[in-house]
Amino acid sequence: MSAGFGKSFSGLQGIKSIEDFDLKDQKVFIRLDLNVPMKGEPGNLEITDDTRIRAAIPTLKYAMEKGAKLVLASHLGRPETPEDRPKYTLEPVAARLGELLGCEVILIEEPTSDAPKALLPVLKPKQILLLENVRFEKGETKNASELANVIASYTDIYINDAFGASHRAHSTIDALPRLIAKRGCGFLIKKEIENLGMLMDGPKKPFLTVMGGAKVSDKIKVIESMMEKIDTFLVGGAMAYTFLAAQGLGVGKSRVEKDKLSFARDLIKRIESRGKKILLPIDHIIADDFLAPTKIETVDTPSIPEDRLGLDIGPKTRELYRKEIERAKTVFWNGPMGVFERPEFAKGSFGIAEALATLAQNGGVSVVGGGDSAAAAEASGFADKMTHISTGGGASLEYLEGAKLPGLEALRIVRESVAPTF
Ligand code: ADP
Ligand code: MG
């Protein structure tokens, strides 16, 4: 089926899936997003959250079962100089992957050396290759064709399953797949696009969004692009203080984006004039300082003293938001309700996570987007009960903004168009 004359492709249209190829004995290059957080010093690095590695497993298991010869690649962090290498090595990732897959993961120090070409033909079952951090190669972030050419020379089939990196036009995301006829996506990308696409195309109503996080300005585009579809807006996090301040309410020394006050005021008007609902926090957990908070108290809106700042939504707001979520059929959550990294200010975000888990268990749909929101959902213990937690961070938000992701566009196989007859 064609997408229709004059219409651009969207979603997964024109994109093949890993299941469309015969993988037996083929050299299959899989680009993953194994950019996981780590702690510790070089030589003794420890992965603190392996969600992204676990999210890659279904595609890898499938490819291994089908007898593919695998070369995997990922970036990690933002290495700038060769001195950064020990800090950003994929060694801990290789070890964790090996544990999860029950196989030997051979780390290739130099992706542009002859090593992959030499090793691929003699690779045994239960052995896979992992290229060292692709950002160690200068060409990666420059979308260089040289790097793409080298990898293409030993690749039969290209699979992108790096959803979290697909908003970047980098060499292993964009230039490389364009060189390979047999290209497609893995199961993670498929799941991400199906779930995020459902929010954009046909969410079951009522559709509610929980917005929070650090800044209004980070979320303006998503709000604008989804505005018409959403019935109810719940606001929390630092963002809420810009909305409260926009209504002339005192917010103490809470974080306010002064240049977004008129946007916030206008948004409230637009939402209400369409007969939709926007709720702001009715109480807050406040403290005297962001970095070293003491004097932690709960107060109602608008009684935040001048020398205090709001760091989480309060218990009344939690209960109010829980009830609203209970009434919805679809919920999209982006942005923590407070400084959830500290247990004193995590209850608001964990309360939302619990409400989203309950909703999904009762037949509703709950989707979480944004890196910190996903981390909050994981930390809450309710992550596995939600419909979908996007591993995408920035990529999921850009997708919901309606932007085209280079990593998806490079996979599309556009059939020759037939001239319309009049
Ligand atoms: P996401 O990554 O999910 O899109 P953001 O990056 O927008 O989310 O926001 C996450 C950050 O917002 C967290 O680090 C959290 O500590 C911070 N935050 C949430 N509420 C507040 C608040 N009331 N004051 C200051 N920072 C906040
Ligand atoms: Mg963030």
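Higher on the page you've got the structure.
Residues numbered from 1 in each chain as written. Chains lettered and ligands numbered in written order. Predicted model: local features only at pLDDT ≥ 70, side-chain atom pairs only at ≥ 80, totals over all residues. Heavy atoms only, no water.

**Q** Just to check I follow, could you spell out the sheet that holds strand 5 (residues 69-73) for this structure?
**A** Across a sheet, paired strands are connected by hydrogen bonds in the backbone, their directions being either parallel or antiparallel. On the basis of which strands lie adjacent, the open sheet formed by seven strands has the order 1-9-8-2-5-7-6 and parallel pairing. Edge positions in the sheet fall to strand 1 (16-17) and strand 6 (104-108), since each of these pairs with one other strand and no more. For strand 2 (residues 27-31) and strand 8 (residues 157-160), the ladder comprises four bridges, and the chain directions are parallel. Within the sheet, the bridge partner assigned to Phe29 lies in strand 8 and is Tyr158. (Pairing = 2+ DSSP bridges. Helix = DSSP H or I, 4+ residues; strand = E, 2+ residues; numbered from the N terminus.)

**Q** Which parts of the structure should I look at to understand the site of ligand 1?
**A** Not every one of the 19 residues close to ligand 1 is listed here, only the nearest: Ala214, Lys219, Glu341, Asp372 and Ser373. Measuring from an oxygen atom of ligand 1, one finds a backbone N or O atom of Ala214 at 3.0 Å. At a separation of 3.2 Å, a nitrogen atom of ligand 1 approaches a polar backbone atom of Ala238. Among the secondary structure elements, those contributing two or more residues to the shell around ligand 1 are strand 15 (309-313) and helix 13 (371-380). With three residues, helix 13 is the single largest residue contributor to the shell around ligand 1. (Near = heavy atom within 4 Å. Polar contact = N/O pair within 3.5 Å; in protein donor to acceptor, adjacent residues only side chain to side chain.)

**Q** Sorry, what's going on with the pairing of strand 2 here?
**A** On a regular strand, each side chain points to the face opposite its neighbour's, so the side chains alternate between the two faces of the sheet. Across the five residues that make up strand 2, a large majority, four, are buried. Sheet analysis places strand 2 next to strand 5, joined by five bridges and oriented parallel. Counted as the bridge partner of Lys27 is Lys69 from strand 5. (Buried < 20%, exposed > 50% of the residue type's maximum accessible area, 1.4 Å probe, protein only.)

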